[in-house]
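# Topology and contacts: notes
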Amino acid sequence: MSSAQAAKSQTTATASHNELANALRALSMDAVQKANSGHPGMPMGMADVATVLFTQFMKHDASNPTWPDRDRFILSAGHGSMLLYSILHLSGYEKMTLDQLKNFRQLHSLTPGHPEVMPEAGIETTTGPLGQGISNGVGFALAERMMNARFGNEIFNHFTYVIASDGDLMEGISHEACSLAGHLGLGKLIVLYDDNEISIDGPTSLSFTDNTPQRFEAYGWETFTVDGHNPDQIAKAIAAAQLNPNKPSLISCKTKIGYGAPTKEGKSSSHGSPLGDEEITGARKNLNWPHVPFHLPENVVEAWRATGSAHQMERKNWQSRLDKLDGEKRALFDRMISGDVTRTVAPVISAFKAKMKAEAPKIATRAASGKVLEALIPALPEMVGGSADLTGSVLTLVKDMGKVTKEDYSGRYIYWGVREHGMAAAMNGMALHKGLIPYGGTFLSFTDYCRPSIRLSALMKQRVIYIMTHDSIGLGEDGPTHQPVEHLAALRCIPNLLVLRPADVIETAEAWQIALEHTTGPSVLVLTRQNLPLVRKETSDENLSKRGAYILAEGSSDATVTIWATGSEIEIAMKARDMLEAEKISTRVVSAPSLELFAQQDAKYQTSLIGSSKVNVAVEAAVRQGWDHIIGRDGIFVGMKSFGESAPYQELYKHFGITAGDIVAQVKKKV
């Protein structure tokens, strides 16, 4: 008897399917009613599907929630969060107590309105913004296959299950991610589609008449259609989906939103607000659930608890297999799962910086990043890269990485295609899975296409590294559609996101070190198309960029002028300093590769850089927003006030007044 069958026999021996499913429905409608806020309809409609999944198929151990080879469950339809919380409580996850369910949507509870990642409580990812969860699921499934290619079936061999809504499938990101999943043949990905034909505005026919199975078949998926309230049909479809190793599966589950509610079943009125006491009383009667709110019959609790412990022996057997790995492979497993690469990265970056100081190359920081990767990739097997169809421009591919294909997942480079948003969301899933450190590249202007996923990287505190090149008017002739102007400011205002804009090859290496050692959030490396000279010529091995800003060049005496700059504008700032010093105006230059890291420094250090200069200047080929707290409202800002133009970049810098001469002229007016 398989562990899944054992789980089924344990549960059906003490409680019927209907009792188990109705427990989910009751907890969901009771918690929403108590909070006077939430979405009861989806949990009530998908309770049968979720019950079949968890009682017959889901490989997990509630006593060890972070078991690396557990199946992953993602509630992409995050508004139905009480379905997930109810399952976790009933399955025996220690942190998900009944009191947590009673505190649904309350401050500091573990049961917020939409699920927030907490693997130790069984919550694999943060969902709610529709389309993100299913796209994370593609990343989870891809990571599983890539880890399987490295460690074999004995260590990594699990499924990723997703419950998705019609809203998830309407969002464009679902097309990007699911198209790629079909292309890569991610057969361990199974999506259970809540096909209830209801949206917030009313029936989905108002706006959504796709033939969803045919759409997914066109992607290369296997598809099934079942009655979402028929346990046998659901179980047969999931079992069949598990048997196809080369195609992801979509199971369209025809359900009734608000199942059991006497007047709101099948209606949008059950979607996003409490049912009300009278409706709940009627639902209890219809569902044959004669219990008071939050009361769970002992036989139901025992049966659900059995599902949470049914795979404990499987986990222990897995642990035995892990313990038998040879020393080198076990050490690699432990390192990849822990994610700590500090000891490896530091000497690699130190040696690289010494080499670059000797060579003093004048190269674009995108090319500098490529050189850093050439040093890092051989030393860090957990690093996996890719780009959104811009490999030759963003320079994210290193020789011998090997490409990831559906025939071979052992490679380390993913061709994401023109799918910036899908790439970002899938990288979130890969980071959440554990074992891999994903990085991906595109142009900085296209961060607009993946901003929601970047925001979620930050919210979930995931180490995802975004390589964003062609970072200003410095890209030249491609013009204002591709020239970022507002993007730096827009990224810098996302909490817990590090924005790193290095000035030369040394700062680029330091930025990579910062990004790899930063395990509690994402980083964006903002890189140039145009060549830049080496400006960091001192011999110190310290990573000065870790402070966010530092004095690159002192004034000849107490500085009358302090010029702050980032990236490609450091070269311009240094020329302006030389011109001002020639006119006996003492000027220092502060390089500020990360305003976020600078803001984390103590007040004494910040004051030492901001100082008492009579004139403070910021130079950046972007908008002013975000600089006034450093240079003051009366400070001089040399940058962009409009969109760019199409022309060679040297002409554009002159046209927009971002030159050493312009800086000097404005400073002299102030002095």
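Residues numbered from 1 in each chain as written. Predicted model: local features only at pLDDT ≥ 70, side-chain atom pairs only at ≥ 80, totals over all residues. Heavy atoms only, no water.

### A closer look at the packing of aromatic side chains
The line we're drawing: Put simply, two rings from Phe, Tyr or Trp (the six-membered ring, in Trp's case) pair if the centres are within 6.5 Å, and we call them stacked under 30 degrees between planes, edge-to-face over 60, tilted for the rest. Think of it in three bands: residues with accessible area under 20% of the maximum for their type are buried, residues over 50% are exposed, and the middle band is partly exposed, with areas taken using a 1.4 Å probe on protein chains only. Charge over a ring is defined by NZ of Lys or CZ of Arg lying within 6 Å of the ring centre and within 35 degrees of the ring normal.
Scanning all chains against the criterion turns up 17 aromatic pairs. Judged by centre distance (5.7 Å) and plane angle (10 degrees), the rings of Phe-446 and Tyr-449 are stacked. Tyr-449 sits in the exposed class, given a relative accessible area of 53%. Site record: aromatic cluster; members linked through ring pairs are Trp-67, Phe-151, Phe-156, Trp-318 and Phe-333. For the cation-ring pair, Lys-188 lies above Phe-159, with the distance from its terminal atom to the ring centre recorded as 4.2 Å.

### Regarding unusual backbone geometry
Just so we agree on the cut-off: Strands are runs of DSSP state E lasting at least two residues, helices are runs of H or I lasting at least four, and both sets are numbered from the N terminus onward.
Phi is positive for Arg-105, which is not a glycine, with a value near 65 degrees. With relative accessibility at 28%, the residue Arg-105 sits in the partly exposed group. Residue His-108 is not a glycine yet carries a positive backbone phi of 70 degrees. Its location among the elements puts His-108 in the loop between helix H5 (98–102) and helix H6 (132–151). With a relative accessible area of 73%, His-108 lands in the exposed category.

### Overview of the pairing of strand E3 (residues 189–195)
A regular strand places its side chains on the two faces of the sheet in alternate fashion. Rules: We treat two strands as partners when DSSP finds at least two bridges between them.
Most of E3 is tucked away: seven of the seven residues are buried. Side chains Leu-189, Val-191, Tyr-193 and Asp-195 project from E3 onto one buried face, and the interleaved Ile-190, Leu-192 and Asp-194 project onto a second face that is buried too. Relative to E3, strand E2 (residues 160–165) runs parallel, the two sharing six bridges. In the sheet register, Ile-163 faces E3, and the bridge partner there is Leu-192. With six bridges connecting them, E3 and strand E7 (residues 249–254) associate as parallel partners. Considered in E7, the bridge of Ile-190 is made with Ser-249.

### Points about the environment of Phe-643
Our working rule: Contact between two residues is taken to exist if any of their heavy atoms lie within 4.5 Å; hydrogens are not considered.
Take Phe-643: it is sitting in the loop between strand E18 (636–638) and helix H26 (649–655). Sequence separation between Phe-643 and Ala-23 is 620 residues; the distance between their C-alpha atoms is 57 Å. If sequence neighbours within four positions are ignored, Phe-643 has contacts with Pro-480, Val-485, Glu-486 and Phe-656.

### Focus: the sheet that holds strand E8 (residues 383–387)
What counts, and what does not: Interaxial angle, 0 to 180 degrees, is taken between N-to-C directions of lines fitted to C-alpha atoms, where a helix line uses only the stretch in contact.
Here six strands make up an open sheet; going across it, the order is E9-E8-E10-E11-E13-E12 and the pairing parallel. The sheet terminates laterally at strand E9 (413–415) and strand E12 (498–500), the two strands that pair on one side only. Averaged over all neighbouring strand pairs, the angle between strand axes comes to 20 degrees, with direction disregarded. In terms of strand pairing, strand E11 (residues 465–469) meets strand E13 (residues 523–526) through four bridges, oriented parallel. Across the sheet, Ile-467 pairs through a bridge with Leu-525, a residue of E13.

### A look at the confidence of the model for the protein
Applied cut-off: Per-residue confidence from the prediction method is given by pLDDT, with values spanning 0 to 100.
Per-chain confidence: the protein averages 96 in pLDDT, with 98% of residues scoring 70 or above. Within the protein, the element-level pLDDT minimum falls on helix H1 (residues 3–12), averaging 44, and the maximum on E3, averaging 99. Note that residues 1–13 has pLDDT below 50 and, in this model, 19 contacts with residues that lie over four places away or in other chains.

### A few points about the side chain of Thr-204
As for its placement among the helices and strands, Thr-204 is situated in the loop between strand E5 (202–203) and helix H9 (212–219). Ignoring anything within four residues of it in the chain, the contact list for Thr-204 reads Asp-166, Met-170, Glu-197, Ile-198 and Ser-199.

### Notes on helix H15 (residues 342–359)
Put simply, the rule is: Given a helix with a known number of residues, its expected span is that number minus one, times 1.5 Å. Note that the arc is computed from the directions linking the helix axis to the C-beta atoms.
The terminal C-alpha atoms of H15, which comprises 18 residues, lie 26 Å apart, in line with the 26 Å expected from a rise of 1.5 Å per residue. Buried within H15 are the following residues: Val-345, Val-348, Ile-349, Phe-352, Lys-353 and Met-356. The arc that holds the buried residues of H15, viewed along the axis, is 135 degrees, so those residues lie on one side. Those residues of H15 that are exposed and aimed more than 90 degrees away from the buried face are Arg-343 and Ala-358. Remark: Ala-360 follows H15 within two positions and exhibits a positive phi of approximately 50 degrees.

### Digging into helix H8 (residues 172–183)
Between its first and last C-alpha, H8 extends 17 Å over 12 residues, near the 16 Å set by a 1.5 Å rise per residue. Taking burial as the measure, the 12 residues of H8 include nine buried ones, the bulk of the element. Within the span of H8, buried status applies to Ile-173, Ser-174, Glu-176, Ala-177, Cys-178, Ser-179, Leu-180, Ala-181 and Gly-182. Immediately beyond the C-terminal end of H8, within one or two residues, lies Gly-185, with a positive phi of roughly 60 degrees.

### Focus: the side chain of Ser-165
Within the secondary structure, Ser-165 sits in strand E2. Using a relative accessible area of 6% as the deciding quantity, one classes Ser-165 as buried. Setting aside anything within four residues of it in sequence, one finds Ser-165 in contact with Ala-77, His-79, Leu-130, Tyr-193 and Asp-194.

### Side note on the pairing of E7
Heads up, the rule is: Convention used here: a crossover is right-handed provided that the path from the first strand, over the helix, to the second strand proceeds clockwise when the strands point away from the viewer.
Counted residue by residue, E7 has five buried out of six residues, so it is predominantly covered. As paired strands, strand E6 (residues 222–227) and E7 are joined by six bridges and run parallel to one another. When the bridges of E7 are listed, Phe-224 appears paired with Ile-251. A crossover connection joins E6 to the parallel E7 through helix H10 (residues 231–242); in handedness this β-α-β unit is right-handed.

### Side note on empty space enclosed by the protein
In plain terms, the rule: Cavities and pockets were defined on a 1 Å grid built from protein atoms only: a cavity is a group of points that admits a 1.4 Å probe but offers it no way out, a pocket is an open group of points flanked by protein on both sides within 12 Å along at least five of seven lines, and a lining residue is one with an atom within 4 Å of any such point. Grid points are joined across faces, edges and corners, and a volume is the space filled by probe spheres set on the points.
Under the counting rule described, the total for this entry stands at two cavities of 30 Å³ or more. As a volume, the largest cavity reaches approximately 80 Å³. Together, 13 residues line the largest cavity, and Met-58, Leu-88, Tyr-93, Gly-122 and Glu-124 are the ones closest to its centre. In this structure, the second largest cavity occupies an estimated 30 Å³ of space. The wall of the second largest cavity is formed by Phe-73, Ile-74, Leu-75, Leu-84, Pro-115, Ile-123, Glu-124, Thr-125 and Thr-127. Ranked by residues supplied to the lining of the second largest cavity, first place goes to strand E1 (residues 72–75) with three residues.

### Remarks on the sheet that holds strand E17 (residues 615–619)
Read from one edge to the other, the open sheet built from five strands follows the order E14-E16-E15-E17-E18, with strand pairing classed as mixed. Of all the strands in the sheet, just strand E14 (550–553) and E18 have a single pairing partner and so form its edges. Averaged over all pairs of adjacent strands, the angle between their axes in this sheet comes to 30 degrees, without regard to strand direction. The sheet contact formed by E14 and strand E16 (residues 587–591) spans three bridges and is antiparallel. Of the residues in E16, the one forming a bridge with Tyr-550 is Ser-591. Seen against the sheet, helix H22 (residues 569–582) touches E14, strand E15 (561–565), E16 and E17 and runs at an angle of roughly 170 degrees to E16.

### Some words on the nonpolar core
Threshold: Throughout, nonpolar core names a set of buried Ala, Val, Leu, Ile, Met, Phe, Trp, Tyr and Cys residues whose side chains join them through atoms within 4.5 Å.
The biggest cluster of nonpolar side chains holds 66 residues, and the ones touching the most others in it are Leu-142, Met-146, Leu-186, Leu-189, Trp-221, Trp-416 and Met-430. With nine residues, H6 is the largest single contributor of residues to this core. Setting aside residues up to four positions removed in sequence, Leu-142 forms contacts with Leu-184, Leu-186, Val-404, Tyr-409, Ile-414, Trp-416 and Met-430. Ala-15, Leu-90, Tyr-93 and Leu-287 belong to the second-largest nonpolar core, a separate cluster that totals 65 residues.

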